[in-house]
Amino acid sequence: MSRIRSRDTKPEILIRRALFARGYRYRLHDRKLPGRPDIVFPGRRTPDAGR
């Protein structure tokens with residue numbers, strides 16, 4: 001069961017709508033990152049992003 005990957009689940013869509021309404025722009029399921037996270041903010045960097 002752990003290998004089954006869900007996309008566009010109801011909670012995920014609710015979060016995405018709220019983020020978009022507040023002006024946050026994001027990418028979905030970025031293949032360049034390990035684990036392919038659901039939501040990626042490409043313009044935002046964390047202090048230790050390059051480590």
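Residues numbered from 1 in each chain as written. Predicted model: local features only at pLDDT ≥ 70, side-chain atom pairs only at ≥ 80, totals over all residues. Heavy atoms only, no water.

So, the overall build of the protein chain: which residues are in play, and what are the values?
The secondary structure content of the protein chain amounts to one helix and two strands. The secondary structure elements of the protein chain, listed N-terminal to C-terminal, are α-β-β. Counting over 51 residues, the protein chain shows a buried share of 14%. Surface exposure of the protein chain reaches about 4,900 Å², of which carbon and sulfur atoms provide 52%. (Helix = DSSP H or I, 4+ residues; strand = E, 2+ residues; numbered from the N terminus. Buried < 20%, exposed > 50% of the residue type's maximum accessible area, 1.4 Å probe, protein only. Areas by Shrake-Rupley, 256 points an atom, 1.4 Å probe, with all protein chains shown as cover.)

Now, about helix H1 (residues 10-21): what can you tell me, with residues and values included?
With 12 residues, H1 extends 17 Å between its outermost C-alpha atoms, agreeing within 8% with the 16 Å of an ideal straight helix rising 1.5 Å per residue. Inspection of H1 places Glu 12, Arg 16 and Leu 19 among the buried residues, and these make up the whole buried set. Down the axis of H1, the smallest arc covering the buried residues is 65 degrees, so these residues share one side. For H1, the exposed residues set more than 90 degrees away from the buried face come down to Lys 10, Pro 11, Arg 17 and Ala 21. The inward-facing, buried residues of H1 abut strand E1 (27-28) and strand E2 (39-40). A positive backbone phi angle near 95 degrees is found at Gly 23, which sits one or two residues after H1. (Expected span 1.5 Å × (residues − 1). Arc of directions from axis to C-beta. Contact = heavy atoms within 4.5 Å.)

Describe the packing of aromatic side chains, listing the residues and the values that go with them.
Per the counting criterion, the structure on display carries one aromatic pair. Ring centres of Tyr 24 and Phe 41 lie 6.0 Å apart, and the angle between their planes is 70 degrees; this geometry places the pair in the edge-to-face category. Residue Tyr 24 is found in the loop between H1 and E1, and its partner Phe 41 is found in the segment after E2; the two are separated by 17 residues along the sequence. Tyr 24 gets classed as partly exposed once you look at its relative accessible area, which sits at 36%. Across from the ring centre of Phe 20, 3.8 Å away, lies the NZ or CZ of Arg 25, which sits over that ring. (Phe/Tyr/Trp six-rings, centres within 6.5 Å; stacked < 30°, edge-to-face > 60°. Lys NZ or Arg CZ within 6 Å of the ring centre and 35° of its normal.)

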